[in-house]
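Take a look at the letters that make up each chain.
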Amino acid sequence: MNSADIHPMATGHIPSYVTQADGSDYLFTFMVIFTVGLVVLIGVAYFTLHSIPEKMAHENNHPQFQLVGILALLALFTHNGIFWIAAILVAGFQFPDFAAPLRSIADAIRSLAPGQDKAVVSDPPEPDIEPEPSEPAAQGH
C-alpha cells in the first residue's frame, strides 16, 4: 500500500482494543475471563462466609453443633440473615448445663436411700416375681 491509498482522515495508529480484521477481540476475551473468574471468587467467598459458624462450632466441640449447621443451611438457602446471625451467636456462646446440678442432687439423694447399693444408683431394683404353682392336669371324666 502506498500513502495514496490511505484515507486522509485515517490515523496512522489504531488502538489495541479495536477489533482486528481477523475477528479477534482481545478486550472482549479478557473481560469474559475476568467476569467468570470474579463470579467464581464471589461464590467461594459467599460459601466461605456461610461456613464460619460451623467452623467455629466444630473447633470448640460445641454441644449444639447440629443446630448451628441447620441454622447456617437455612441462612444459605433462604438468604435470610437472621438465621446466620443466630448460628454465629449459638456457635459463639456455650449455654450452661442447668440439668447437671439437678442430676447430681438427685444422685446424692438416691444414694442416701436405705437398702440401695451405692454402685448402682441409677438402676431401680427389679421386683422378684415368683412363679405361681402349676395346677395339676385335669383328669378326664
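These numbers come from a predicted model, not from an experiment. (Residues numbered from 1 in each chain as written. Predicted model: local features only at pLDDT ≥ 70, side-chain atom pairs only at ≥ 80, totals over all residues. Heavy atoms only, no water.)

> Explain the packing of aromatic side chains residue by residue, including any values.
Per the stated rule, a full pass over the model turns up 2 aromatic pairs. Between Phe 30 and Phe 34 the ring centres are 6.1 Å apart and the planes differ by 20°, which places this aromatic pair in the stacked class. Of this pair, Phe 30 and Phe 34 are both found in helix 1 (residues 26-50), 4 residues apart, which corresponds to roughly one turn of the helix. For Phe 34, a relative accessible area of 45% puts it in the partly exposed group. Arranged with centres 5.8 Å apart and planes meeting at 65°, the rings of Tyr 46 and Phe 47 form a pair that is edge-to-face. (Phe/Tyr/Trp six-rings, centres within 6.5 Å; stacked < 30°, edge-to-face > 60°. Helix = DSSP H or I, 4+ residues; strand = E, 2+ residues; numbered from the N terminus. Buried < 20%, exposed > 50% of the residue type's maximum accessible area, 1.4 Å probe, protein only.)

> Give a detailed account of the packing of helix 2 (residues 52-59) against helix 4 (residues 81-92), specifying residues and quantitative values.
Following both chains from N to C, one finds helix 2 and helix 4 inclined at 15°, their axes separated by 9 Å at the closest point. By the angle class used here, helix 2 and helix 4 are roughly parallel. Classified by chirality, the crossing of helix 4 by helix 2 is left-handed. Contacts between helix 2 and helix 4 involve Ile 52, Pro 53, Met 56 and Ala 57 from the first element and Trp 84, Ala 87, Ile 88, Ala 91 and Gly 92 from the second. Taken together, the residues that form the contact of helix 2 with helix 4 break down as 8 nonpolar, 1 polar and no charged. (Axes fitted to C-alpha atoms, helices over the stretch in contact; angles between N-to-C directions. Parallel < 35°, antiparallel > 145°, perpendicular 65-115°, else oblique. Left-handed = near helix turned anticlockwise from the far one by under 90°. Contact = heavy atoms within 4.5 Å. Nonpolar A, V, L, I, M, F, W, Y, C, P; charged D, E, K, R; others polar.)

> Give a detailed account of the pattern of salt bridges, specifying residues and quantitative values.
Across all of its chains, the model carries 1 salt bridge by this definition. Arg 110 is paired through a salt bridge with Asp 107; the nearest N and O atoms lie 2.8 Å apart. One end of the pair, Arg 110, and the other, Asp 107, are both in helix 5 (residues 99-112), 3 residues apart, so they sit about a helical turn from each other. (Salt bridge = Lys/Arg side-chain N within 4 Å of Asp/Glu carboxyl O.)

> How would you explain unusual backbone geometry if you had to name every residue and give the values?
Notably, Asn 61 is not glycine yet its phi reads approximately 50°, a positive angle. Topologically, Asn 61 is positioned in the loop between helix 2 and helix 3 (65-78). Of note, the phi angle at His 79 is positive, near 55°, even though the residue is not glycine.

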